[in-house]
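# Structural overview
Residue-level listing of the chains:
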Amino acid sequence: MEEKHESPIGGGVVSGVAEYWWWATASTAQLTWAISIYRKGYAGDSRLMPFKAFAVASLFVGATATATFASLRASGIESVQDMKLMGANARTGLGIPPRERDE
(Lines give C-alpha, C1' and ligand atoms only; values in the text may rest on other atoms or scores of the structure.)
Protein backbone atom coordinates (compact mmCIF):
# COMPACT_ATOMS: atom_id res chain seq x y z
CA MET A 1 0.00 0.00 0.00
CA GLU A 2 1.02 3.51 -0.70
CA GLU A 3 1.08 6.08 2.07
CA LYS A 4 -0.36 9.47 1.37
CA HIS A 5 1.70 12.35 2.74
CA GLU A 6 -0.02 15.70 3.00
CA SER A 7 2.00 18.79 3.52
CA PRO A 8 -0.16 21.60 4.90
CA ILE A 9 0.29 25.03 3.40
CA GLY A 10 1.64 27.58 5.84
CA GLY A 11 2.83 25.00 8.37
CA GLY A 12 -0.50 24.75 10.21
CA VAL A 13 -1.26 21.97 12.65
CA VAL A 14 -4.51 20.87 11.00
CA SER A 15 -4.14 20.60 7.25
CA GLY A 16 -7.82 21.47 6.57
CA VAL A 17 -7.51 24.72 8.45
CA ALA A 18 -4.08 25.51 7.01
CA GLU A 19 -5.22 24.95 3.44
CA TYR A 20 -8.29 27.21 3.66
CA TRP A 21 -7.06 30.07 5.81
CA TRP A 22 -7.20 32.34 2.78
CA TRP A 23 -10.97 31.70 2.41
CA ALA A 24 -11.44 32.95 5.96
CA THR A 25 -9.23 35.96 5.20
CA ALA A 26 -11.27 36.77 2.08
CA SER A 27 -14.50 36.48 4.05
CA THR A 28 -13.23 38.82 6.74
CA ALA A 29 -12.07 41.36 4.16
CA GLN A 30 -15.40 41.29 2.31
CA LEU A 31 -17.40 41.63 5.51
CA THR A 32 -15.24 44.51 6.74
CA TRP A 33 -15.58 46.30 3.41
CA ALA A 34 -19.36 45.77 3.33
CA ILE A 35 -19.79 47.11 6.87
CA SER A 36 -17.67 50.18 6.15
CA ILE A 37 -19.64 50.99 2.98
CA TYR A 38 -22.94 50.35 4.78
CA ARG A 39 -21.97 52.68 7.64
CA LYS A 40 -21.05 55.50 5.25
CA GLY A 41 -24.63 55.51 4.03
CA TYR A 42 -25.77 57.33 0.94
CA ALA A 43 -23.23 59.58 -0.73
CA GLY A 44 -23.16 60.93 -4.24
CA ASP A 45 -25.53 60.92 -7.17
CA SER A 46 -28.98 59.48 -6.46
CA ARG A 47 -28.95 57.62 -9.80
CA LEU A 48 -26.12 55.41 -8.46
CA MET A 49 -28.04 54.40 -5.32
CA PRO A 50 -29.31 51.05 -6.77
CA PHE A 51 -25.77 50.16 -7.86
CA LYS A 52 -24.37 50.90 -4.41
CA ALA A 53 -27.13 48.88 -2.71
CA PHE A 54 -26.44 45.95 -5.01
CA ALA A 55 -22.69 46.20 -4.37
CA VAL A 56 -23.13 46.19 -0.59
CA ALA A 57 -25.58 43.26 -0.74
CA SER A 58 -23.17 41.34 -2.98
CA LEU A 59 -20.34 41.87 -0.49
CA PHE A 60 -22.48 40.53 2.36
CA VAL A 61 -23.53 37.49 0.30
CA GLY A 62 -19.94 36.87 -0.83
CA ALA A 63 -18.63 37.11 2.72
CA THR A 64 -21.23 34.60 3.89
CA ALA A 65 -20.44 32.20 1.05
CA THR A 66 -16.68 32.27 1.58
CA ALA A 67 -17.05 31.87 5.36
CA THR A 68 -19.38 28.89 4.85
CA PHE A 69 -17.03 27.27 2.35
CA ALA A 70 -14.03 27.78 4.61
CA SER A 71 -15.74 26.31 7.66
CA LEU A 72 -17.09 23.29 5.75
CA ARG A 73 -13.76 22.48 4.14
CA ALA A 74 -11.78 23.08 7.34
CA SER A 75 -14.06 20.71 9.27
CA GLY A 76 -13.46 17.95 6.73
CA ILE A 77 -16.81 18.03 4.91
CA GLU A 78 -15.98 17.55 1.25
CA SER A 79 -19.11 15.96 -0.23
CA VAL A 80 -22.86 15.72 0.12
CA GLN A 81 -22.42 12.27 1.71
CA ASP A 82 -20.22 13.82 4.41
CA MET A 83 -22.95 16.40 5.08
CA LYS A 84 -25.62 13.68 5.30
CA LEU A 85 -23.47 11.68 7.71
CA MET A 86 -22.94 14.75 9.88
CA GLY A 87 -26.71 15.38 9.92
CA ALA A 88 -27.42 11.78 10.90
CA ASN A 89 -24.86 11.98 13.70
CA ALA A 90 -26.38 15.25 14.94
CA ARG A 91 -29.88 13.72 14.94
CA THR A 92 -28.63 10.70 16.87
CA GLY A 93 -26.85 12.91 19.38
CA LEU A 94 -30.05 14.90 19.97
CA GLY A 95 -32.08 11.73 20.47
CA ILE A 96 -34.18 12.23 17.33
CA PRO A 97 -35.01 9.00 15.48
CA PRO A 98 -33.26 8.53 12.11
CA ARG A 99 -35.07 9.52 8.90
CA GLU A 100 -36.53 7.02 6.51
CA ARG A 101 -34.23 6.55 3.53
CA ASP A 102 -35.63 7.18 0.05
CA GLU A 103 -33.06 5.45 -2.12
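Residues numbered from 1 in each chain as written. Predicted model: local features only at pLDDT ≥ 70, side-chain atom pairs only at ≥ 80, totals over all residues. Heavy atoms only, no water.

### Topic: the overall build of the protein
Counted only if it meets this: Segments assigned H or I by DSSP are reported as helices when at least four residues long, segments assigned E as strands when at least two residues long, and all are numbered from the N terminus. Exposure classes here rest on a 1.4 Å probe applied to the protein chains alone. A residue is buried below 20% of its type maximum, exposed above 50%, and partly exposed in between. Note that accessible areas follow from Shrake-Rupley with a 1.4 Å probe, and for residues the cover is restricted to the protein chains shown.
The helix and strand inventory of the protein stands at four helices and zero strands. If you list the helices and strands of the protein from N to C, you get α-α-α-α. A total of 103 residues make up the protein; the buried ones form 13% of that total. Summing over all exposed atoms, the protein offers an accessible surface of approximately 8600 Å²; the carbon and sulfur share of this is 64%.

### A few points about the UniProt feature "transmembrane region" (unreviewed entry) in the protein
Condition: UniProt positions are given in the numbering used here, feature names are shortened, and annotations may be inferred rather than shown by experiment.
The UniProt feature table records "transmembrane region" (unreviewed entry) at residues 20–38 and 50–72. For residues 20–38, the end-to-end C-alpha separation is 27 Å, with 95% helix and 0% strand making up the annotated structure. Each end of residues 50–72 is marked by a C-alpha atom, and these two atoms are 33 Å apart; helix forms 100% of the span and strand 0%.

### Looking at the packing of helix α2 (residues 21–40) against helix α3 (residues 49–74)
What describes two packed helices is the angle between their axes and the distance between those same axes. Heads up, the condition is: For helices, the axis comes from a line fit to the C-alpha atoms of the stretch in contact; other axes are also lines fit to C-alpha atoms, and the angle between any two N-to-C directions lies between 0 and 180 degrees. Angles below 35 degrees are treated as roughly parallel, those above 145 as roughly antiparallel, those between 65 and 115 as roughly perpendicular, and all remaining angles as oblique. When the near helix sits turned anticlockwise from the far one by under a right angle, the crossing is termed left-handed; a clockwise turn instead gives a right-handed crossing. The contact definition used throughout considers only heavy atoms, calling two residues in contact when any of these lie within 4.5 Å. Each residue is assigned to one of three groups, with Ala, Val, Leu, Ile, Met, Phe, Trp, Tyr, Cys and Pro labelled nonpolar, Asp, Glu, Lys and Arg labelled charged, and all others, Gly among them, labelled polar.
Across the interface, α2 lies against α3 with an axial gap of 8 Å and an inter-helix angle of 155°. Classified by the interaxial angle, the pair formed by α2 and α3 is roughly antiparallel. In the crossing of α2 with α3, the sense of the turn from one axis to the other is left-handed. Here Trp23, Ala24, Ala26, Ser27, Gln30, Leu31, Trp33, Ala34, Ile35, Ile37 and Tyr38 of α2 come into contact with α3, specifically with Lys52, Val56, Leu59, Phe60, Gly62, Ala63, Thr66, Ala67, Phe69 and Ala70. When the residues that make up the contact of α2 with α3 are grouped by side-chain class, the tally is 16 nonpolar, four polar and one charged.

### Re the confidence of the model for the protein
Rules: Values of pLDDT, ranging from 0 to 100, describe the predictor's confidence in every residue of the model.
Taken residue by residue, the protein gives an average pLDDT of 77. The fraction at 70 or more is 77%. Least confident of the elements in the protein is helix α1 (residues 15–19), whose mean pLDDT is 57; most confident is α3, at 86.

### What to know about a nonpolar patch on the surface
Filter applied, for reference: Any residue with relative accessible area above 30% and no salt bridge may belong to a patch, with like charges joined within 9 Å and the nonpolar Val, Leu, Ile, Met, Phe, Trp and Tyr side chains within 5 Å. Between Lys or Arg on one side and Asp or Glu on the other, a salt bridge is scored when a side-chain nitrogen of the former is within 4 Å of a carboxyl oxygen of the latter.
Taken together, the side chains of Leu31, Ile35, Tyr38 and Phe60 present a nonpolar region at the surface, about 380 Å² in accessible area. Ranked by the residues each element gives to the nonpolar patch, the list is headed by α2, at three residues. Tracing the backbone shows Ile35 in helix α2.

### Description of the side chain of Ser27
Inclusion rule: A 3.5 Å cut-off defines polar contacts: any pair of N or O atoms within that distance qualifies, except that in protein one atom must be a possible hydrogen donor and the other a possible acceptor, and neighbouring residues in sequence count only when both atoms are side-chain atoms.
Examined against the element boundaries, Ser27 turns out to sit in helix α2. Among the polar contacts made by the side chain of Ser27, one reaches the main-chain carbonyl oxygen of Ala63 at a distance of 2.9 Å. Apart from the residues within four sequence positions on either side, Ser27 is in contact with Ala63, Thr66 and Ala67.

### Section: α2
Inclusion rule: Any helix carries an expected span of 1.5 Å times its number of residues minus one. In this context, the arc is that of the directions from the helix axis out to the C-beta atoms.
The terminal C-alpha atoms of α2, which comprises 20 residues, lie 29 Å apart, in line with the 28 Å expected from a rise of 1.5 Å per residue. Here α2 has its buried residues at Ser27, Ala34 and Ile37. Taken end-on, α2 shows its buried residues confined to a sector of 105°, consistent with a single buried face. Those residues of α2 that are exposed and angled more than 90 degrees off the buried face are Trp33, Arg39 and Lys40. Summarising the contacts, the buried residues of α2 are in contact with α3. Backbone geometry just downstream of α2 places Gly41 in the positive-phi region, at approximately 80°.

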